[in-house]
Amino acid sequence: MRFVLAGQPNSGKSSIFNSIAGYRSATANFPKSSISFTTTKALIAGREVEVVDLPGIYSLTSSDAVAGPAERYLLDEKYDLIINVVDASRLGRSLELTFQLLEFNRPMIVALNMMDEARRRGSEIDHQELSRQLGVPVVTTTSRLGMGLKQLFREGLRHAVFAVPAVSPTYDREVEDAIGRVVTLIDSRDSVPGVPARLVATKLLESDPHLSLRAYRLAPDLEAGVAEVGSLLESTHGWSADQVVSGSRHALAHAVEERVVTHQRPDVGWRDRVDLLLLNQWTGGPLMVAILAGFFWAVFGVGRRVEAPLGEAFNWLQGSVADQFVPGSLAATVADGLVMGLGGGVAIVLPYLIPFLIGLAILEDTGYLPRLAYILDSFMHRIGLHGKSVLPLILGYGCSVPAIMSTRILESEKDRRITAALTSFIPCSARTVVIFGLVAAFMGPLWALAIYLLNIFVVVVLGTVMAKWMKGASPGLVLEIPELSLPDLKTLSAKTWLALKEFIVIAWPLLIASSIVLGVLEWAHAADSINALLSPITVWLLGLPVAVGMTLVFGVLRKELTLVMLVQALGTTEVNTVMTTQQLLTFTLFVVFYVPCIATIAVLAKQLGWRGAAMISGITVVVAMIVSVAGRIAYGLFS
Amino acid sequence: MMTLDAVGIHREARVIMIDGGQKIRSYLNTLGIHIGDWLTVVQRAPFRGPVLVEIHGTRVALGRGVASKIQVDMDGVVRQLSGTMEAVGAGK
Ligand SMILES: Nc1nc2c(ncn2[C@@H]2O[C@H](COP(=O)(O)OP(=O)(O)O)[C@@H](O)[C@H]2O)c(=O)[nH]1
Ligand SMILES: [Mg+2]
């Protein structure tokens, strides 16, 4: 048995999914937060069921000839039940999708979710009447509190076992006539295999690019017929066929909403008051600066306090392990590499990584990110993008890989490409670890802040250049702003853990292995030749110790490696005793800008093609050299 | 008739036409913005930033470019979905 969770963005699909899957699918309080789908197996009343969490869609009509993953899944895959997750506090709009899902004529059940939110807004919903109107079971849930979910899956299972198909809704008479006529045209031709003819007919009348392409490829003569029916509809209504059909569905959705919802006075809570300030034209900007600065200081403050004692413990451990071996032997080198890799992860990376990930999760789950997109829209227009690009860019401060994948929330190809390229320049949490561990720790937090600002400046310049250079139009910002919400502790810790696991499972072993490899290379004096090869850049251009060459090579694997390797190459965590502050600054600048890690290059290649990815990587090296040399010279002049 | 980007804060307006082709129209439709709908302008960002509108209990940010393509009416003349093509046509 296979159940699919389908619904509009932010309706709580992933929350429902996680309730049976454990924390597997990232929840976030902004639209289209789920980029691809996740599946899990669960036992429901003793039966094994596969549950699929699809990305949110507002409508089945795709905006591109290439349908999104959710539309494709619903059209082409096999499943036994659609669980349509509906945001009860936005019932009218959500029902527009529900009506389209009914047209699949598959077993379906509605999860009327966010009941707490609806109640807070003063809506009383008669879910039994809603069930009668839709002809499918409706179960009320509050997925955040885990309420109603057991019943939802039980009811879903029963419905799927009996395999009761959903019945298509009935629209205006004229629309029904038009759909009927197109269905006759389609006739017995399996225009889109496995999809009910009525659904295809509706979508053809709505000029859905994806289904039109598919249907007309198999039945080219259909196109003229549909156009004729469409123009008839247009001549009686005065609007194009797509507007008449979607308008009719809209009217039906709101008619049903009116029947089942009784409105009372909503409570104006603290959230509405805070939101008024966050989005206000006078206070919104200053509050944004304050929030981001507070975030920065909190990460630094926590990280520094934790790092100091851990660093001492680490030095002690390193010393006592070294005592066990003959100095200079291979065994001592391997042991030292092992300690470095293990301890480096705990003492150097984690103190800044953990508070950073928690902070980012808070920003995501409170719903502040879409507000940033709203506030920064006019600024982004100056770069030639618009506010929505802010979302991937901010996510880029966490990890470039999912951030670059999230560029698919942008509608235009041009915006997607530019934003993906720019996102790879944003210092991810690994680079943040380097910035905090070297510059903030040894030079002060203001210097670290300066690096972030410099980075934003570089991104703005690059974005402006790319926008001038690439062709294509962008529709501009259209973005739903969800309600603010308090992040709850369970989601927050689960989410931080999910991101942290990625470090522990992938980066840490890599760190340990690289540490040992570096140790052995140094022991065999093989590192020297690579360092010598890189010395024109490292020593001559950047004025760094020759030993950093290898660390930069390892940094291409993971950016955290540069920091841990640096400590190892120099033989001390007191890096400032071996390198001058000018060198620390130059090194950090170079690390922040040069080649994003291998994983990032791979997703870039997926989004932009290998040529694009290679070009971006090339640009990053050039930019890194320019910025770090400029930093080196400027620092030399002013200190 | 005016466009949405010219509507002041806290004013209500009714969508009467969406310019700019089927793509942008269907995009707005999916967010629940249709011809005939009432919306309220909640905020207007400075520096020609977006307008924030409330429609059917949801808040949607619309960039000025998009807002300037949405023709609205503030006098409350009701135009039904069907049969009043003259009124819409006349406003063009
Ligand atoms: N008030 C309330 N919030 C919820 C509920 N379910 C989910 N949320 C929140 O709504 C946001 C979106 O949820 P998510 O599961 O990511 O939605 P998806 O986009 O449909 O996968 C998150 O911030 C959730 O914490 C609920 O029942 N009540
Ligand atoms: Mg989701």
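Residues numbered from 1 in each chain as written. Chains lettered and ligands numbered in written order. Predicted model: local features only at pLDDT ≥ 70, side-chain atom pairs only at ≥ 80, totals over all residues. Heavy atoms only, no water.

Asker: Give a description of the pairing of strand β5 (residues 58–62) of chain B that names residues and reports values.
Answerer: Across the five residues of β5 of chain B, five count as buried, placing the element largely inside the fold. Here β5 of chain B shows a buried face lined by Thr58, Val60 and Leu62 of chain B and a second buried face lined by Arg59 and Ala61 of chain B. In this structure, strand β9 (residues 478–481) of chain A lies alongside β5 of chain B, joined through four bridges in antiparallel fashion. From the neighbouring strand, Leu479 of chain A faces β5 of chain B, where its bridge partner is Ala61 of chain B. Strand direction decides the pairing type here: strand β4 (residues 51–55) of chain B and β5 of chain B, joined by five bridges, are antiparallel. (Buried < 20%, exposed > 50% of the residue type's maximum accessible area, 1.4 Å probe, protein only. Helix = DSSP H or I, 4+ residues; strand = E, 2+ residues; numbered from the N terminus. Pairing = 2+ DSSP bridges.)

Asker: Describe the sheet that holds strand β1 (residues 2–3) of chain B, with residues and values.
Answerer: An order of β9(A)-β5(B)-β4(B)-β3(B)-β2(B)-β6(B)-β1(B) is seen for the seven strands of this open sheet, with the pairing classed as antiparallel. In the strand order of this sheet, the two ends are held by β9 of chain A together with β1 of chain B, each with one partner. In terms of strand pairing, β1 of chain B meets strand β6 (residues 70–73) of chain B through two bridges, oriented antiparallel. The residue of β6 of chain B that forms the bridge with Thr3 of chain B is Gln71 of chain B.

Asker: Break down the sheet that holds strand β2 (residues 38–44) of chain A for me, citing the residues and quoting the values.
Answerer: All names here are of chain A. Pairing is mixed in the open sheet, where six strands are placed in the order β2-β3-β1-β4-β5-β7. Edge strands, defined here as strands with exactly one partner in the open sheet, are β2 and β7 (138–140). On average, adjacent strands in this sheet sit at an angle of 25° to one another, irrespective of strand direction. The pairing of β2 with strand β3 (residues 47–53) spans seven bridges and is classified as antiparallel. Bridging across to β3, Ala42 finds its partner in Val49. Packing of helix α1 (residues 13–21) onto the sheet brings it into contact with β1 (2–7), β2, β3, β4 (81–87) and β5 (108–113), and relative to β3 it is tilted by some 150°. (Axes fitted to C-alpha atoms, helices over the stretch in contact; angles between N-to-C directions. Contact = heavy atoms within 4.5 Å.)

Asker: Describe the confidence of the model for chain B, with residues and values.
Answerer: Residues and elements named next belong to chain B. When the pLDDT values of chain B are averaged, the result is 79; 82% of them are 70 or greater. Confidence scores differ between elements of chain B, with helix α3 (residues 85–91) showing the lowest mean pLDDT of 34 and β4 the highest of 94. For residues 77–92, every residue scores under 50 in pLDDT, and the model assigns this stretch 23 contacts once sequence neighbours within four places are set aside. Prediction confidence for the complex, expressed as pTM and ipTM, is 0.85 and 0.83 respectively. (pLDDT = per-residue confidence, 0-100.)

Asker: Give me the domain arrangement of chain A: which residues, what numbers.
Answerer: Taken domain by domain, chain A comprises domain 1 (1–267) and domain 2 (284–477 + 498–638). Computed over C-alpha atoms, the centres of domain 1 of chain A and domain 2 of chain A are 42 Å apart. (Domains from an automatic or database assignment.)

Asker: Please provide a residue-by-residue account of unusual backbone geometry, values included.
Answerer: A negative phi angle is the norm for most residues apart from glycine, just as the trans form is the norm for most peptide bonds. Residues and elements named next belong to chain A. Located in the positive-phi region is Asn10, a residue other than glycine, with phi close to 70°. For Asn10, a relative accessible area of 18% puts it in the buried group. With phi around 50°, Ser207 is a residue other than glycine that occupies positive phi space. Examined against the element boundaries, Ser207 turns out to sit in the loop between α8 (197–205) and α9 (209–218).

Asker: How would you explain the interface of chain B and chain A if you had to name every residue and give the values?
Answerer: Frequently, the measure chosen for interface size is the accessible area that the parts lose on association. Between chain B and chain A, the residue contacts involve 38 residues of the former and 42 residues of the latter. Roughly 3,500 Å² of surface becomes buried between chain B and chain A when both sides are summed, with 58% attributable to carbon and sulfur atoms. Our enumeration of links across chain B and chain A arrives at two salt bridges. For Asp242 of chain A, the salt bridge is made with Arg25 of chain B, and the minimal N-O distance between the two is 3.0 Å. Joining chain B to chain A, the criterion identifies eleven residue pairs in polar contact (both at pLDDT 80 or more). Secondary structure elements with two or more residues in the side of chain B that touches chain A: α1 (21–30), β3 (38–44), β4, β5 and α3 of chain B. For the side of chain B that touches chain A, the leading source of residues is α1 of chain B, giving eight residues. Classifying every residue of the side of chain B that touches chain A by side-chain character gives 19 nonpolar, 13 polar and six charged. (Buried area = accessible area lost by both parts, 1.4 Å probe. Salt bridge = Lys/Arg side-chain N within 4 Å of Asp/Glu carboxyl O. Polar contact = N/O pair within 3.5 Å; in protein donor to acceptor, adjacent residues only side chain to side chain. Nonpolar A, V, L, I, M, F, W, Y, C, P; charged D, E, K, R; others polar.)

Asker: Which residues make up the packing of aromatic side chains, and what values go with them?
Answerer: Residue and element names in this part refer to chain A. The full count for this structure, using the stated rule, is twelve aromatic pairs over all chains. Geometrically, the ring pair formed by Phe300 and Phe436 is tilted, given 6.1 Å between the ring centres and 55° between the ring planes. Taken together, the residues span a long stretch of sequence, with Phe300 in helix α13 (residues 284–323) and Phe436 in helix α19 (residues 429–443) at a distance of 136 residues. Site record: aromatic cluster; members linked through ring pairs are Phe296, Trp297, Phe300, Tyr352, Tyr397, Phe436 and Tyr452. Geometry around Tyr79 places Arg106 over its ring, the cationic atom sitting 4.1 Å from the centre. Over the ring of Tyr594 we find Lys559; its NZ or CZ atom is 4.5 Å from the centre of that ring. (Phe/Tyr/Trp six-rings, centres within 6.5 Å; stacked < 30°, edge-to-face > 60°. Lys NZ or Arg CZ within 6 Å of the ring centre and 35° of its normal.)

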